[in-house]
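As a plain string of letters, each chain reads:
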Amino acid sequence: MKVLLGTGGRADGFDALDRTLERTREAGDDLTVAVLETSSDEDVAAVAEGVRERVADSGVDAEVHVLEGHPGSQLVELAETGGFDRIVLGGGQRSPLGKIDLGEVAEFVLLNADVSVTLVR
Amino acid sequence: MSDRTYPDESVGTFPSPPAAFTGGEDREIRLRESGRGDVDALVEMYEGFDPADRAQGIPPIDPEAIRDWLETIVTEDSVSVVAAHEDRLVGHAILVPDRQDGYELAIFILAEYQGAGIGTELLSHLLGAGQAVGVDRVWLTVERWNDAAIALYRKIGFETASSESFELEMSIRL
């Protein structure tokens, strides 16, 4: 299966990356990682470097791209044009009370993607 | 998490716990502040919670997960009020500090005790307990379709702060 993981630089993004790498290895999926510009306070290039290192350490052969611009729409567009079967995203942050808070990117992708979307918890 | 917006005006003073009132069917309901010592009784209450009333993943379902969650949120920094009927806890409301001097609110009432005015009393006294320790900004999120909860929050004085995500965010200034 051709899988597209979208990740920002936040903790849940790396957690989702690690779990997806593990799953890719088990299932023999074809993985592409898209690093998204989710916040102006994050250095996307530095995040991408961190992602490349994690991918290399895992031994999984995956391409890593930086997607500039509106993160949700860029990810959905890449999924369509690239012929991906599934989009994977981190499953949300927790509020102080422990409530799951789905971010803007997850909401946009869930509503607009025409492929299945997996949220990693 | 971006900066939250709060109403400009304070809504006035809320009553402090303890308190007692009759909550439908002549049930005597007592409200009091709660803390770490109430965690066992709270775990028991949440084990009886209707899964259909869960919101955004809380309360958890597994008893151990309920205990871990309660131990994370019921701390010296939070403000917690329970509603008891006879020997049993039937409602719980809590304010948990965020990192921007505001507090997130949640309230849970067992299904068989809903619709009896307990929510209004519990919320008012929680906000009163918060005021007593200097809490002045409170926010919450609620599912858009949960009309009963939204009506209750509005009645207390909450206003819509943001309607741009899946859940409606509401806030109040004390």
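Residues numbered from 1 in each chain as written. Chains lettered and ligands numbered in written order. Predicted model: local features only at pLDDT ≥ 70, side-chain atom pairs only at ≥ 80, totals over all residues. Heavy atoms only, no water.

Quick notes on the overall build of chain A
Move 1: Along the backbone of chain A there are 4 helices and 7 strands.
Move 2: N-terminal to C-terminal, the α/β element order of chain A is β-α-β-α-β-α-β-β-β-α-β.
Move 3: For 121 residues, the compact-globule formula gives about 14 Å, and the C-alpha radius of gyration of chain A, at 13 Å, lands near that figure.
Move 4: For chain A, the spread of C-alpha atoms along the three principal axes comes to 35 × 30 × 25 Å.
Move 5: Among the 121 residues that make up chain A, the fraction classed as buried is 45%.
Move 6: Of all intrachain contacts in chain A linking residues separated by at least 6 positions in sequence, the fraction that spans at least 24 positions is 72%.
Move 7: As displayed, chain A offers around 6,000 Å² of accessible surface, 43% of which is attributable to carbon and sulfur atoms.
Move 8: Computed over 11 positive and 24 negative side-chain charges, the inter-centroid distance for chain A is 8 Å. (Helix = DSSP H or I, 4+ residues; strand = E, 2+ residues; numbered from the N terminus. Rg over C-alpha atoms; globule rule 2.2 N^0.38 Å. Buried < 20%, exposed > 50% of the residue type's maximum accessible area, 1.4 Å probe, protein only. Contact = heavy atoms within 4.5 Å. Areas by Shrake-Rupley, 256 points an atom, 1.4 Å probe, with all protein chains shown as cover. Lys, Arg positive; Asp, Glu negative; His and termini not counted. Charge placed at Lys NZ, Arg CZ, Asp CG, Glu CD.)

Here we look at the side chain of serine 95 of chain A
Move 1: Tracing the sequence through the fold places serine 95 of chain A in the loop between strand 5 (93-94) and strand 6 (100-101).
Move 2: Polar contacts involving the side chain of serine 95 of chain A include one to the side chain of glutamate 104 of chain B, which spans 2.7 Å.
Move 3: In contact with serine 95 of chain A, not counting residues within four places along its chain, are Glu104 and Trp139 of chain B. (Polar contact = N/O pair within 3.5 Å; in protein donor to acceptor, adjacent residues only side chain to side chain.)

Considering the interface of chain B and chain A
Move 1: Between chain B and chain A, the contact holds 20 residues from the first and 11 residues from the second.
Move 2: Of the roughly 1,300 Å² buried between chain B and chain A, counting both surfaces, carbon and sulfur atoms make up 62%.
Move 3: Put simply, chain B and chain A have 0 salt bridges between them.
Move 4: In this assembly, chain B and chain A are joined by 6 residue pairs in polar contact (both at pLDDT 80 or more).
Move 5: Of all the secondary-structure elements, those providing two or more residues to the side of chain B that touches chain A are helix 2 (63-73), strand 4 (88-97), strand 5 (103-109) and strand 6 (137-143) of chain B.
Move 6: Taken together, the residues of the side of chain B that touches chain A break down into 12 nonpolar, 4 polar and 4 charged. (Buried area = accessible area lost by both parts, 1.4 Å probe. Salt bridge = Lys/Arg side-chain N within 4 Å of Asp/Glu carboxyl O. Nonpolar A, V, L, I, M, F, W, Y, C, P; charged D, E, K, R; others polar.)

Overview of the sheet that holds strand 7 (residues 116-120) of chain A
Residues and elements named next belong to chain A.
Move 1: If you trace the 5 strands from one edge of the open sheet to the other, you get 3-2-1-4-7, paired in parallel fashion. Sheet topology places strand 3 (63-67) and strand 7 at the edges, where each strand pairs with a single neighbour. In this sheet, adjacent strand axes meet at a mean angle of 25° when their direction is disregarded. (Pairing = 2+ DSSP bridges. Axes fitted to C-alpha atoms, helices over the stretch in contact; angles between N-to-C directions.)

A short note on the packing of helix 3 (residues 71-81) of chain A against helix 4 (residues 104-112) of chain A
All names here are of chain A.
Move 1: The geometry of helix 3 relative to helix 4 is characterised by a closest axis approach of 8 Å and an angle of 40° between their N-to-C directions. The angle between the axes of helix 3 and helix 4 places the two elements in the oblique class. Seen along the crossing, helix 3 lies across helix 4 with a hand that is right-handed. Taking contact as the criterion, the partners of Pro71, Gly72, Ser73, Leu75, Val76 and Glu80 in helix 3 are, on helix 4, Val105, Phe108, Val109 and Asn112. (Parallel < 35°, antiparallel > 145°, perpendicular 65-115°, else oblique. Left-handed = near helix turned anticlockwise from the far one by under 90°.)

Structural notes on the pattern of salt bridges
Any two side chains of opposite charge can pair, so long as their charged atoms come close to each other.
All names here are of chain B.
Move 1: Scanning all chains against the criterion turns up 6 salt bridges over all chains.
Move 2: Between arginine 32 and aspartate 38 there is a salt bridge whose closest N-O contact spans 3.1 Å.
Move 3: Among the residues examined, aspartate 38 registers a relative accessible area of 13% and is labelled buried.
Move 4: Ionic pairing is found between aspartate 40 and arginine 67, a salt bridge with its closest N-O pair at 2.9 Å. Here aspartate 40, found in helix 1 (residues 39-47), pairs with arginine 67, found in helix 2; they are 27 residues apart in sequence, far enough to count as distant.

Observations regarding the sheet that holds strand 1 (residues 19-22) of chain B
Across a sheet, strands are paired by hydrogen bonds formed along the backbone, either parallel or antiparallel in direction.
Residues and elements named next belong to chain B.
Move 1: Pairing is mixed in the open sheet, where 8 strands are placed in the order 1-2-3-4-5-6-8-7. Edge positions in the sheet fall to strand 1 and strand 7 (159-162), since each of these pairs with one other strand and no more. Adjacent strand axes in the sheet meet at a mean angle of 30°, parallel and antiparallel pairs treated alike.
Move 2: As judged from the 7 bridges shared by strand 6 and strand 8 (residues 167-173), these two strands associate in the antiparallel manner. Looking at the pairing, glutamate 143 lines up with glutamate 167 of strand 8.
Move 3: Sitting on the sheet, helix 1 touches strand 3 (79-85), strand 4 and strand 5, and the angle it makes with strand 4 is about 105°.

Re the confidence of the model for chain B
Move 1: Looking at chain B as a whole, the pLDDT averages 94, with 99% of positions reaching at least 70.
Move 2: Across the interfaces of the predicted complex, the ipTM metric reaches 0.87, alongside a pTM of 0.86. (pLDDT = per-residue confidence, 0-100.)

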